[in-house]
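Residue strings, one per chain:
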Amino acid sequence: MTAPTSPSGTASGTASGTASVTESEGGRGGVIRLMIVDDQHLVRSGLRMLCESAPDIEVVGEAADGHEAVRLAERLAPDLILMDLRMPMLNGTAATERILRDRPATVVVVLTTFDDDDHLYPALAAGARGFLAKDVEPAQLLDAVRRAAAGDTPFSPRALRRLVEQAVAARDARTSGPEAPAPDLTGREREVLALVAEGLANAEIAARLHLGVTTVKTHLASLLTKTGCQNRVQLAVHAARHDLVG
């Protein structure tokens with residue numbers, strides 16, 4: 001059977017019966033090289049059609065389980081992966097951990113459903129940078145892909161609320177010792193942190209607080225240093241665990 005072609009004319013095939021891979025592995029300047037990981041073919045197809053409609057996004061591969069995701073990430077070196085969590089063979093959390101261990105520059109954005117609650121906090125600990133509900137609007141998903149590829153940490157407010165609940169529950173379940181004390185933050189840092197927890201991007205925070213984007217980035221860098229967090233999602237969870245936001 002002849003392999004289908006993408007809008008760019010790149011042929012795609014099937015690997016191990018589960019993963020579709022585009023043969024062109026060299027990224028074009030300014031184009032986000034994206035990999036889709038989900039065990040449902042219809043979901044992958046829908047995401048591929050949506051993402052390939054954007055001129056600045058190239059879908060370089062698909063995987064239907066965590067093992068295929070790890071293998072293809074090593075072969076294709078995508079810039080960003082849209083990762084399902086509940087999959088056979090190897091789940092999305094374990095796949096994320098393995099991929100980022102070998103390719104720490106890769107960005108993983110998790111796609112979640114209401115059934116994923118028990119997996120959200122482990123996925124954060126594994127290094128996932130963004131968390132989006134699967135029913136996110138198409139335009140918002142494309143925007144989130146672009147933001148994540150640019151170094152931001154997009155997340156759906158609903159996914160963030162569930163993630164925070166899991167983080168607090170994990171804290172309450174620990175018996176090994178007290179929570180580390182909250183860091184000493186300035187008033188402006190608390191304002192920036194509160195808006196991070198709402199899911200606002202740097203430009204949106206700057207507009208809300210009447211600051212320059214560079215100033216917002218400076219405050220974020222200070223927050224990451226003071227809290228020991230690695231990204232914006234971890235900052236939001238940290239803020240909730242220490243009751244630093246209203």
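All of the points below concern the structure found in this document. (Residues numbered from 1 in each chain as written. Predicted model: local features only at pLDDT ≥ 70, side-chain atom pairs only at ≥ 80, totals over all residues. Heavy atoms only, no water.)

## Section: the overall build of the protein
Step number 1: Along the protein, the regular secondary structure elements total 10 helices and seven strands.
Step number 2: Burial statistics for the protein: of 246 residues in total, 48% are counted as buried.
Step number 3: Counting only contacts in the protein whose residues sit at least 6 apart along the sequence, the fraction spanning at least 24 positions is 66%.
Step number 4: Carbon and sulfur atoms make up 53% of the accessible area of the protein, which totals about 11600 Å². (Helix = DSSP H or I, 4+ residues; strand = E, 2+ residues; numbered from the N terminus. Buried < 20%, exposed > 50% of the residue type's maximum accessible area, 1.4 Å probe, protein only. Contact = heavy atoms within 4.5 Å. Areas by Shrake-Rupley, 256 points an atom, 1.4 Å probe, with all protein chains shown as cover.)

## Regarding unusual backbone geometry
Step number 1: For Met 89, which is not glycine, the phi torsion reads 70° and is therefore positive.
Step number 2: Within the secondary structure, Met 89 sits in the loop between β5 (80-84) and α3 (92-102).
Step number 3: Non-glycine residue His 210 carries a positive phi angle of around 60°.
Step number 4: Note on placement: His 210 falls in the loop between α8 (202-209) and α9 (213-227).
Step number 5: Classification of His 210 as exposed rests on a relative accessible area of 73%.

## Comments concerning α8
Step number 1: When we look at burial in α8, the residues that qualify are Asn 202, Ile 205, Ala 206 and Leu 209. The arc enclosing the buried residues of α8, seen along the axis, measures out at 100°, which places them on a common side.
Step number 2: Residues of α8 that are buried make contact with α7 (187-197), α9 and α10 (232-241).
Step number 3: Just downstream of α8, His 210 is the residue with a positive phi angle, here 60°. (Arc of directions from axis to C-beta.)

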